[in-house]
Amino acid sequence: MALSGLFLVSFLSLHFFINLMSVFSAATFNEMSHFMGYNPIIQFLMQPILVAGVVFHFVMGFVLELKNRQARPLSYAKYNGAANASWASRNMIISGLVVLAFLGLHFYDFWVHEIAYKYIQHAPIETERYFPELVAKFHNPLRVALYSLCFVLLSVHLWHGFASSFQSVGFNNKYSKSIQKLGYAFAILVPFGFVFIALFHFFNQ
């Protein structure tokens, strides 16, 4: 669970970097998106690994949640979870389910469209189409609001998940506090960076 989470964090970082380029340069964003969309190593090796990593991470999330519930079949007579754990750590399954639902929408919006464009429609290669397609997705204010909400909940998910992943794999030493701070920074900067990108394109159309 921890290793798959860290793997997805690396993908999220790359995804954020590419999307951020759309704020500064449409040409650079088009170039990077075209490379990601047509490079055979990324398409036929890394993409299946990514999909497998997403599925594995969420399946393991359900398995661990079930095992935690089975470990204590009788509930506490009095329970104050906030005394020992943050809301984020106690509700990872909730934030995770919202993120999973968002990923489904995201796959439908971008990945399914891309597959249809390249392999079903057999459309000609257009290296300049990515930026207009991205901007068009942020035309609807309801979609932008939903997109932003999902990334806020991703921030909550990462707030606990990032640092705890290192602890789960046994990385618990003098650098733990620094990693925890790094995790908090990542949980704020990256998800809210995606929100900024959505709002930027929405208000600049």
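Keep in mind it's a predicted model, so treat the numbers as computed, not measured. (Residues numbered from 1 in each chain as written. Predicted model: local features only at pLDDT ≥ 70, side-chain atom pairs only at ≥ 80, totals over all residues. Heavy atoms only, no water.)

1. With respect to the environment of Ala198
Mapped onto the elements of the fold, Ala198 is located in helix α8 (residues 176-203). Distance from Ala198 to Leu66, taken between C-alpha atoms, is 35 Å for residues 132 residues apart in sequence. Those residues in contact with Ala198 that sit more than four places away from it in its chain are Phe138, Val144 and Tyr147. (Helix = DSSP H or I, 4+ residues; strand = E, 2+ residues; numbered from the N terminus. Contact = heavy atoms within 4.5 Å.)

2. A word on the side chain of Glu114
Here Glu114 shows up in helix α5 (residues 92-120). Here the side chain of Glu114 touches Arg129 through a polar contact of 2.8 Å, side chain to side chain. Dropping the residues within four chain positions of it, Glu114 is found in contact with Tyr38, Arg129 and Tyr130. (Polar contact = N/O pair within 3.5 Å; in protein donor to acceptor, adjacent residues only side chain to side chain.)

3. Focus on the environment of Glu128
Structurally, Glu128 is set in the loop between α5 and α6 (130-137). A relative accessible area of 54% places Glu128 in the exposed class. Along the backbone, Glu128 and Ser164 are 36 residues apart, and their C-alpha atoms lie at a distance of 41 Å. A polar side-chain atom of Glu128 sits 3.3 Å from a polar atom in the side chain of Asn30. (Buried < 20%, exposed > 50% of the residue type's maximum accessible area, 1.4 Å probe, protein only.)

4. Section: the packing of helix α1 (residues 2-24) against helix α3 (residues 40-71)
α3 packs onto α1 with a crossing angle of 135° between their chain directions and a minimal axis gap of 9 Å. Our classification of the angle between α1 and α3 gives oblique. Once α1 is placed against α3, the crossing between them reads as left-handed. Of the residues in α3, those in contact with Ser4, Gly5, Phe7, Leu8 and Phe11 of α1 are Ile49, Leu50, Gly53, Val54, Phe56 and His57. Within the contact of α1 with α3, the residues separate by chemical class into 7 nonpolar, 4 polar and no charged. (Axes fitted to C-alpha atoms, helices over the stretch in contact; angles between N-to-C directions. Parallel < 35°, antiparallel > 145°, perpendicular 65-115°, else oblique. Left-handed = near helix turned anticlockwise from the far one by under 90°. Nonpolar A, V, L, I, M, F, W, Y, C, P; charged D, E, K, R; others polar.)

5. Focus on the nonpolar core
Within the largest apolar cluster, 31 residues are counted, with the highest numbers of intra-cluster contacts made by Leu12, Tyr147, Phe151, Leu158, Phe186 and Phe194. Those elements that place two or more of their residues in this core are α1, α3, α5, α6, α7 (141-168) and α8. Counting residues per element, this core draws most heavily on α1, at 8 residues. (Core = buried A, V, L, I, M, F, W, Y, C linked by side-chain atoms within 4.5 Å.)

6. Quick look at the packing of α7 against α8
The interhelical angle for the contact between α7 and α8, taken along N-to-C directions, is 170°, at an axis separation of 8 Å. Relative to α8, α7 is oriented roughly antiparallel. Its residues placed into classes, the contact of α7 with α8 shows 24 nonpolar, 4 polar and no charged.

7. Regarding the packing of aromatic side chains
Within this structure, the stated rule accounts for 11 aromatic pairs. Measuring from ring centre to ring centre gives 5.2 Å for Phe102 and Phe151, while their planes differ by 70°; the resulting arrangement is edge-to-face. A residue pair is termed long-range when its members are at least 10 positions apart, and Phe102 in helix α5 and Phe151 in helix α7 qualify at 49 residues. The same class applies to Phe102 and to Phe151, which are both buried. Relative to Phe200, the ring of Phe196 has its centre 6.0 Å away and its plane inclined at 45°; by these criteria the two rings are tilted. Placement of the pair is Phe196 and Phe200 together in helix α8, with a separation of 4 residues, close to one helical turn. The class for Phe200 is partly exposed, based on a relative accessible area of 26%. An aromatic cluster of three or more residues is present, and its members are Phe16, Phe102, Phe138, Tyr147, Phe151 and Phe194. (Phe/Tyr/Trp six-rings, centres within 6.5 Å; stacked < 30°, edge-to-face > 60°.)

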